[in-house]
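An overview of the molecular structure
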Amino acid sequence: MDHKLTGWGSGFLGVLIFSGSLPATRVAVSDFTPLFLTSARAVIAALLGLLCLLALRQSRPASRDLMPLGLVALGVVIGFPLLTALALQSITAARSIVFIGLLPLATAIFGVIRGGERPKPAFWVFSLLGAATVSGFALTQSEGGSLRGDLLMLAAIAICGLGYAEGASLSRRLGGWQVISWALLIALPVMAGLSLITWPATFGTVSTPAWISLGYVALFSMMLGFVFWYRGLALGGISQVGQLQLLQPFFGLLLAALLLGEPIAWQMVACTVFTVFCVAGAKRFA
């Protein structure tokens, strides 16, 4: 029970960190290309992960862990950041929230397929209700969509769900920060080469908000967030703790209200309360 509570607390911190990822990506792609942003954030995070692995003298992962680590790298180091960056060139950050509401369901599905979890039928009822609530709310609050952007976000959600489930299973053996660090190192040769190929001709036109956004997605979204998130999934269960991401869109809107002075509508409060109910129900029957 203590492990599960710790897992939920760690997962909650991970969700808080991830809440700023899509808005930061939206700001960054205004001055960086999606390919450079994806590769640069991965290279920066990989160097940080390498320092941690060397400083704490972590042993190399076993050969059986290399393929799962490759799937983690494909899902959360390369796939999700690149696909969302491409999508956010043609849709707004607000609209992308529609698809984040589907991520817990995708994570739960891959938790069953890859992690061997078997939630009770009632879990799927609460999970679907939560996904529908978040998606419905986001659809009524966002504009500026495109078919290309929507399809890219759907692909991003699917591959991210795989990366989350695979990483959570590995974290039970290797540890949360070790998993993301090794996955980043596996992807480093490709990401370093890509960053050199897509290196901007000049950085003189890059705005301060774009630099700050790059720093955020590299240090927090790509590294620190996963330290808490994978630990939470490993301790509390992939399907169960994954439902916490239903709250991520509301955290993003709350940040917008606090930092940008945007009003909080009563619909947001009502949907948040119902979503918390869905998360609690999913936790109860997982």
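The model shown is predicted, which means the values in this text are computed figures rather than measured ones.

The number of helices and strands found in the protein chain is 13 helices and zero strands. Seen in sequence order, the protein chain has helices and strands lined up from the N terminus as α-α-α-α-α-α-α-α-α-α-α-α-α. Expressed as a percentage of the 286 residues in the protein chain, the buried residues total 53%. The contacts in the protein chain between residues at least 6 apart in sequence include a share of 91% that link residues at least 24 apart. For the protein chain, the exposed area adds up to about 12600 Å²; of that, 71% sits on carbon and sulfur atoms.

With the rule as written, the count across this model stands at 14 aromatic pairs. Taking 5.4 Å as the distance between ring centres and 40 degrees as the angle between the ring planes, the aromatic pair formed by F203 and W211 counts as tilted. Looking at W211, the relative accessible area reads 38%, which means it is partly exposed.

This brings us to the nonpolar core. Ranked by size, the top nonpolar core spans 57 residues in total, and within it V76, V77, Y164 and Y230 carry the most contacts. Of all the elements, helix 8 (residues 147-174) adds the most residues to this core, at 10 residues. Residues contacting Y164, with those up to four places away along its chain left out, are F18, V76, L103, T107, F226, W229, Y230, L233 and Q245. Judged by nonpolar contacts, the second largest core, of 12 residues, contains V29, A40, A210 and V217.

Glancing now at the confidence of the model for the protein chain. The predicted model of the protein chain has a mean per-residue pLDDT of 82, with 85% of residues at 70 or higher. For the protein chain, per-element mean pLDDT is lowest for helix 12 (residues 248-260), which scores 68, and highest for helix 3 (residues 34-55), which scores 94.

Here we take up the side chain of S21. Its location among the elements puts S21 in helix 2 (residues 21-28). A polar contact of 2.6 Å, which involves the side chain of S21, links it to the side chain of S221. Discounting residues that sit within four places of it in the chain, S21 has contacts with Y216, V217 and S221.

Here we take up the pattern of salt bridges. Considering all chains together, one arrives at one salt bridge under this definition. D65 is the salt-bridge partner of R173, the closest N and O atoms lying 2.3 Å from each other. Here R173 is found in helix 8, whereas its partner D65 is found in the loop between helix 3 and helix 4 (66-87), with 108 residues between them in sequence.

Here we come to unusual backbone geometry. Although it is not a glycine, R57 adopts a positive phi angle of roughly 55 degrees. Taking the relative accessible area as the measure of exposure, R57 reaches 76% and is therefore exposed.

It is worth spelling out the packing of helix 4 against helix 10 (residues 208-236) at this point. Packing of helix 4 against helix 10 brings their axes to within 13 Å, and their N-to-C directions diverge by 135 degrees. Here helix 4 is positioned oblique relative to helix 10, judged by the angle of their axes. The interaxial crossing formed by helix 4 with helix 10 has right-handed handedness. Residues V72, V76, V77 and P81 of helix 4 lie in contact with helix 10, whose contacting residues are M222, F226 and Y230. Of the residues that constitute the contact of helix 4 with helix 10, the class distribution is seven nonpolar, no polar and no charged.

We now examine the packing of helix 9 (residues 176-197) against helix 10. Direction vectors running N to C along helix 9 and helix 10 enclose 135 degrees, while the axes themselves pass 7 Å from each other. When the axis of helix 9 is compared with that of helix 10, the two are oblique. Helix-helix and strand crossings are classified by hand; for helix 9 and helix 10 the assignment is right-handed. For the pair helix 9 and helix 10, contact is made by G176, W177, V179, I180, S181 and L184 and by M222, M223, F226, V227, Y230 and R231, respectively.

This part takes up the environment of S10. Along the chain, the position of S10 falls in helix 1 (residues 2-18). Under the relative-accessibility criterion, S10 is labelled buried at 4%. Expressed as a C-alpha distance, the spacing of S10 and R231, which sit 221 residues apart in the sequence, is 6.6 Å. Ignoring sequence-local partners within four residues, the contact set of S10 consists of F228, W229, R231 and G232.

Looking now at helix 8. If you check helix 8, its first and last C-alpha atoms are 40 Å apart, about what 28 residues at 1.5 Å a residue would give, namely 40 Å. Immediately beyond the C-terminal end of helix 8, within one or two residues, lies G175, with a positive phi of roughly 100 degrees.

Reading the values: the criteria
Residues numbered from 1 in each chain as written. Predicted model: local features only at pLDDT ≥ 70, side-chain atom pairs only at ≥ 80, totals over all residues. Heavy atoms only, no water. Helix = DSSP H or I, 4+ residues; strand = E, 2+ residues; numbered from the N terminus. Buried < 20%, exposed > 50% of the residue type's maximum accessible area, 1.4 Å probe, protein only. Contact = heavy atoms within 4.5 Å. Areas by Shrake-Rupley, 256 points an atom, 1.4 Å probe, with all protein chains shown as cover. Phe/Tyr/Trp six-rings, centres within 6.5 Å; stacked < 30°, edge-to-face > 60°. Core = buried A, V, L, I, M, F, W, Y, C linked by side-chain atoms within 4.5 Å. pLDDT = per-residue confidence, 0-100. Polar contact = N/O pair within 3.5 Å; in protein donor to acceptor, adjacent residues only side chain to side chain. Salt bridge = Lys/Arg side-chain N within 4 Å of Asp/Glu carboxyl O. Axes fitted to C-alpha atoms, helices over the stretch in contact; angles between N-to-C directions. Parallel < 35°, antiparallel > 145°, perpendicular 65-115°, else oblique. Left-handed = near helix turned anticlockwise from the far one by under 90°. Nonpolar A, V, L, I, M, F, W, Y, C, P; charged D, E, K, R; others polar. Expected span 1.5 Å × (residues − 1).

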